[in-house]
Amino acid sequence: MEKIQSEGHSRQTKPAVDLLYSVSLRYPNRLIPTNGRFFGVI
Amino acid sequence: MTRPKFKESVYFTDHLGEIRFLVQVLNVGKGMTDELKFIFTHSASGVGGVYTESEGEWTHGDIIRLQPEISYHSDGSMHIKMPSHSERTETIYKNPMGAGSRRKHLADIFLWEPIIKYTILDYSLCKKPIRSTSIVIPNHSSIMDGTPFDCVLFLGNSSIPSPKERVDLGVFRLSGLTTNLDLLCCFYESDYKGEYRRIPNTTERVLFKGNIIQILIRHEDLNMYKVP
């Protein structure tokens, strides 16, 4: 389980780097915003 | 049309003081049911979206739509929706976890649940007219400095503390998406500089330097879903 440390009555916790540890980018699905001019030809 | 239970457009302030569109968040559920939508483009501002599953190339299977959206439903289903605005096309739904797969039910989310990663390279694509009631995130000078950055969206119970903001971490919390859920936006510097992608039916590659939206999941939940 993810460890989240409370700081007293504060709504803040230790650095969110911890949150990133829990993240996985597993899926190939991508959504790409475009105005049709996002290519830069080599 | 019924008024959404929640509807907010969130903007960020870039290094030049320009206010740029980040995401529109809606809860379009009815009664006790919650249905969340996340929209990252604004077609009237000239920005649509391409859906792709391929790496290193554009394909004929890529789907172009005026205003794609990502939805997270009460039953745990999460879809990328490409709505049709033409008689020649149809609305297409993609479930990144695989057809029929479900994530946590919205009501079961407690700790911060990663859902979406939005990588922004091209700030100019973040366009939507702002209103006086819009939410504007102040500039984080070491992250929104004109270079690429990631915005990672988490859902979590309203009782869960937010992370502490740092030089290398921007934090913004949007409260009240549902009775119990808040949205956490965490901003990080990104080392993504774009990528080369091949054009269909050619050997020519082009340098793609646009923004990318991807679905996230917890490491510990990977075994719960089939990987397409």
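Only a predicted model underlies this, so the values are computations on that prediction, with no experimental measurement involved.

Turning our eyes to something else, we now look at the overall build of chain A. Looking only at helices and strands, chain A features 1 helix and 4 strands. Along chain A, helices and strands appear, N-terminal first, in the series β-α-β-β-β. Relative to its full complement of 42 residues, chain A shows a buried share of 21%.

Each helix and strand in chain B was counted, giving 0 helices and 18 strands. The C-alpha radius of gyration computed for chain B amounts to 18 Å, which stays within 12% of the reference 17 Å derived for 228 residues, consistent with globular compactness. Overall size of chain B, expressed as C-alpha extent along the three principal axes, is 55 × 45 × 40 Å. The buried share of chain B, reckoned over its 228 residues, is 34%.

Residue and element names in this part refer to chain B. Burial analysis of strand β9 (residues 113-120) places 7 of its 8 residues in the buried class, the great majority of the element. Bridge analysis of β9 against strand β11 (residues 149-157) gives 7 bridges, and the strand direction is antiparallel. The residue of β11 that forms the bridge with P114 is F154. Pairing between β9 and strand β17 (residues 212-215): 4 bridges, direction antiparallel. When the sheet's bridge partners are listed, I116 is paired in β17 with I215.

Moving on, we get to the confidence of the model for chain A. All names here are of chain A. Across chain A, the average pLDDT comes to 58, with 40% of residues at or above 70. Low pLDDT, under 50, characterises residues 1-16; the predicted model gives this stretch 34 contacts beyond four residues in sequence or across chains. Between residues 38-42, whose pLDDT stays under 50, and residues either more than four places distant or in other chains, the model counts 13 contacts.

We now examine the environment of H42 of chain B. Residues and elements named next belong to chain B. Take H42: it is sitting in the loop between β3 (35-39) and β4 (48-52). A sequence separation of 99 residues divides H42 from S141, and the C-alpha atoms of the two residues are 26 Å apart. Ignoring sequence-local partners within four residues, the contact set of H42 consists of F21, V47, K127 and K128.

Time to look at the environment of G76 of chain B. Considering the arrangement of structural elements, one finds G76 of chain B in the loop between β6 (69-73) and β7 (78-82). In this view, G76 of chain B contacts R102, R103, K104 and H105 of chain B; residues no more than four positions away in its chain are not counted.

On average, residues of chain B score 93 in pLDDT, and 98% of them are at 70 or above. Here the prediction assigns the complex a pTM of 0.89, and the interface score ipTM is 0.88.

All right, on to the sheet that holds β6 of chain B then. All names here are of chain B. Taken together, the 7 strands give an open sheet; going across it, the order is β8-β7-β6-β3-β2-β1-β10, and neighbouring strands pair in mixed fashion. Strands with a single pairing partner mark the edges of an open sheet, and in this sheet they are β8 (92-94) and β10 (135-137). Neighbour-to-neighbour, the strand axes of this sheet turn through a mean angle of 25°, independent of strand direction. Strand direction decides the pairing type here: β6 and β7, joined by 4 bridges, are antiparallel. Pairing of I70 across the sheet is with I80, part of β7.

The rules behind the values
Residues numbered from 1 in each chain as written. Chains lettered and ligands numbered in written order. Predicted model: local features only at pLDDT ≥ 70, side-chain atom pairs only at ≥ 80, totals over all residues. Helix = DSSP H or I, 4+ residues; strand = E, 2+ residues; numbered from the N terminus. Buried ≥ 20, exposed ≤ 12 C-beta atoms within 10 Å, placed from the backbone. Rg over C-alpha atoms; globule rule 2.2 N^0.38 Å. Pairing = 2+ DSSP bridges. pLDDT = per-residue confidence, 0-100. Contact = placed C-beta atoms within 7 Å. Axes fitted to C-alpha atoms, helices over the stretch in contact; angles between N-to-C directions.

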